[in-house]
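# Reading the structure
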Amino acid sequence: MNVATTIPLPAPLGLLAELTHRCPLACPYCSNPLALEGRDSELSAAEWARVFREAAGLGVLQLHLSGGEPGARRDLTEITHAAHEAGLYTNLITSAIGFTRDRLAELRAAGLDHVQISIQDTEPAASDRIAGYDGAHARKLAIARTVAELGLALTINVVLHRANIARLRDLVGLAAALGAGRVELAHAQYYGWALRNRAALMPTRAQVEAATADLAAMRARYAGTLAIDAVVPDYYARRPKPCMGGWGRRSLNVTPSGRVLPCHAAETIPGLRFWSVRDRNLAEIWTRSPAFQAFRGTDWMRAPCRSCERREIDFGGCRCQAMLIAGDAAEADPACALSPLHGRMLAMAEEAAGTDDVYVYRAPAPRAPARALDGATAGEPPPP
Ligand code: SF4
Ligand code: FES
């Protein structure tokens, strides 16, 4: 599996910095791992600053400050300033819980360029139910409006699943009304905690087909005013998505404690070794880490990918999904109709879509009203 790529190694474009796994929400579609990293193991602001300088030196242009909820870091302004000083375009990916106008203005002054806020649904009760947090929806809308008022670029992100997919048109309309320049519609990906909730989240084929028509209508309606990005649901696809733009090809993920991953779910693949920014320079990790080399390029591929004309278009799809469904990360993604397991994957999806609606939360869903995070109340990760 561990072979050198034959194509030149490009510079990564993006870095996802998972500042913390702490989060006040309890979304059942959370793709973070079952075992979350604790606060004590998190990289310090000074360590992140070094990582950002190394990333910029490597050619990274875009930095995504993520989590968990990055707002749970008391030193978020210091971290944002370091990213700006390194010359990175900096995007905050947040639930919006814990932010105020003053804190956002402080982040903007520190160099923040862009904010991405997750919205769960258009209906407050349904939205709060999926977030596992009463009052979250109203708080998110208020903060989204504040982001736009402060002149920060705003993206609304929506994870689509069985309970909200029918409101795709309304969700796009809500993003436009909030002043977003972009809306991302991403079907739930079944890794980490989300895998436990696959049966409750999986849409039916009919829902996906209706949503595809809704998407086309919304793209026509908002052409030139609102960018609409959509990720198709793998389980009903005929060809897979080029996950991460190709393994080890365009981006890096750094976990809260500093392990560097080719993708968010890479730790679900047994046998890979992940190097840490605490031990090595990011450039060395990008070029030499065994985990990044494992599926880089196309030399690792087997049939049918090895001789397929799409092998440098989709790079064989998603390695983590191949691991999950085929039991081997070097197989073709079963989302591909050329995979011998494609039929089994479709059958799994259709079976899951007809079953229960009961979500499993990481912890009992909170009932307290949304409140500002101050670090101490940021919500330590509950036990999985
Ligand atoms: Fe992509 Fe492999 Fe399917 Fe070809 S066979 S379309 S490379 S997943
Ligand atoms: Fe890991 Fe797709 S999520 S390669």
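Residues numbered from 1 in each chain as written. Chains lettered and ligands numbered in written order. Predicted model: local features only at pLDDT ≥ 70, side-chain atom pairs only at ≥ 80, totals over all residues. Heavy atoms only, no water.

### Some words on unusual backbone geometry
Note: most residues except glycine have negative phi, and most peptide bonds are trans. In this chain, Gly67 is followed by Gly68 through a cis amide linkage whose omega measures 10°. Position of Gly68 among the secondary structure elements: in the loop between strand 2 (62-66) and helix 2 (76-85). Residue Pro304 is reached from Ala303 by a cis peptide bond, and omega for that bond is 5°. With respect to the helices, strands and loops of the structure, Pro304 is situated in the loop between helix 11 (290-294) and helix 12 (319-326). Positioned with a positive phi, Ala96 is a non-glycine residue whose angle comes to about 80°. With respect to the helices and strands, the residue Ala96 is situated in the loop between strand 3 (89-94) and helix 3 (101-110). (Helix = DSSP H or I, 4+ residues; strand = E, 2+ residues; numbered from the N terminus.)

### Re the site of ligand 1
Around ligand 1, the surrounding shell consists of Arg239, Pro240, Pro304, Cys305, Cys308, Arg310, Arg311, Asp314, Gly316, Cys336 and Leu338. The residue makeup of the shell around ligand 1, split by class, is six nonpolar, one polar and four charged. (Near = heavy atom within 4 Å. Nonpolar A, V, L, I, M, F, W, Y, C, P; charged D, E, K, R; others polar.)

### A short note on the packing of aromatic side chains
Scanning the model with the defined rule gives six aromatic pairs in all. Taken together, a centroid distance of 5.9 Å and an interplanar angle of 25° make the contact between Trp48 and Phe52 stacked. Placement of both Trp48 and Phe52 in helix 1 (residues 45-58) is noted, with a separation of four residues, approximately one turn of the helix. Taken together, Trp247, Phe295 and Trp300 form an aromatic cluster joined through their ring pairs. The ring of Trp275 carries the charged tip of Arg280 above its face, separated from the ring centre by 3.6 Å. Of note, Arg296 hangs over the ring of Trp286, and the distance from its end group to the ring centre comes to 4.7 Å. (Phe/Tyr/Trp six-rings, centres within 6.5 Å; stacked < 30°, edge-to-face > 60°. Lys NZ or Arg CZ within 6 Å of the ring centre and 35° of its normal.)

### Topic: the pairing of strand 5 (residues 153-160)
A large share of strand 5 lies buried, amounting to seven of its eight residues. Sheet analysis places strand 4 (residues 114-118) next to strand 5, joined by five bridges and oriented parallel. The residue bridging Ile117 from the neighbouring strand is Ile156, located in strand 5. Strand direction decides the pairing type here: strand 5 and strand 6 (residues 182-187), joined by six bridges, are parallel. Its bridge partner being in strand 6, Ile156 is matched across the sheet by Val183. (Buried < 20%, exposed > 50% of the residue type's maximum accessible area, 1.4 Å probe, protein only. Pairing = 2+ DSSP bridges.)

### With respect to the state of the cysteines
Tallying each qualifying case throughout the model produces zero disulfides. Counting only cysteine sulfurs, Cys23 is the nearest neighbor of Cys27, a cysteine outside any disulfide, at a range of 6.5 Å. Given a relative accessible area of 13%, Cys27 falls into the buried group. (Disulfide = S-S within 2.5 Å.)

### Some points on the pattern of salt bridges
Enumeration over the complete set of coordinates arrives at 17 salt bridges. Ionic pairing is found between Asp328 and Arg302, a salt bridge with its closest N-O pair at 2.9 Å. You can see Asp328 sitting in the loop between helix 12 and helix 13 (342-353) and its partner Arg302 sitting in the loop between helix 11 and helix 12, a full 26 residues away along the chain. With a relative accessible area of 23%, Asp328 lands in the partly exposed category. We classify Arg302 as partly exposed; its relative accessible area is 36%. Linking Arg302 and Glu331 is a salt bridge whose minimum nitrogen-to-oxygen distance equals 2.6 Å. Placement of Arg302 in the loop between helix 11 and helix 12 and of Glu331 in the loop between helix 12 and helix 13 is noted, with a sequence separation of 29 residues between them. (Salt bridge = Lys/Arg side-chain N within 4 Å of Asp/Glu carboxyl O.)

### What about the packing of helix 6 (residues 168-177) against helix 9 (residues 205-221)?
Two quantities define a packed helix pair, namely the angle between the helix axes and the distance between the axes. Running from N to C, helix 6 and helix 9 cross one another at 30°; their axes reach a closest spacing of 9 Å. In terms of axis orientation, helix 6 runs roughly parallel to helix 9. When you trace helix 6 past helix 9, the crossing you get is right-handed. Residues Leu168, Arg169 and Val172 of helix 6 touch helix 9, and the partners they reach there are Ala211, Asp214, Leu215, Ala217 and Met218. Looking at the contact of helix 6 with helix 9 residue by residue, the classes come out as six nonpolar, no polar and two charged. (Axes fitted to C-alpha atoms, helices over the stretch in contact; angles between N-to-C directions. Parallel < 35°, antiparallel > 145°, perpendicular 65-115°, else oblique. Left-handed = near helix turned anticlockwise from the far one by under 90°. Contact = heavy atoms within 4.5 Å.)

### Thoughts on the sheet that holds strand 8 (residues 251-254)
Ordered by their spatial adjacency, nine strands build an open sheet running 7-6-5-4-3-2-1-8-9, and the pairing between neighbours is mixed. What marks the edges here is a single partner per strand, and that holds for strand 7 (227-231) and strand 9 (260-261). Of the strand pairs in this sheet, strand 2 and strand 3 are connected by four bridges, and their pairing is parallel. Residue Gln62 lies in a different strand from strand 3, and its bridge partner there is Tyr89. Contacts from helix 5 (residues 136-149) reach strand 4 and strand 5 within the one sheet, and its direction differs from that of strand 4 by about 165°.

### Digging into helix 1
Here helix 1 contains 14 residues, and its C-alpha end-to-end distance of 20 Å stays within 8% of the 20 Å for a straight helix at 1.5 Å per residue. Within helix 1, burial applies to Ala45, Trp48, Ala49, Val51, Phe52, Glu54, Ala55 and Leu58. Where helix 1 is buried, its residues touch strand 1 (14-18), strand 2, helix 2, strand 8 and helix 10 (282-288). Positive backbone phi, approximately 110°, marks Gly59, located one or two places after helix 1. (Expected span 1.5 Å × (residues − 1).)

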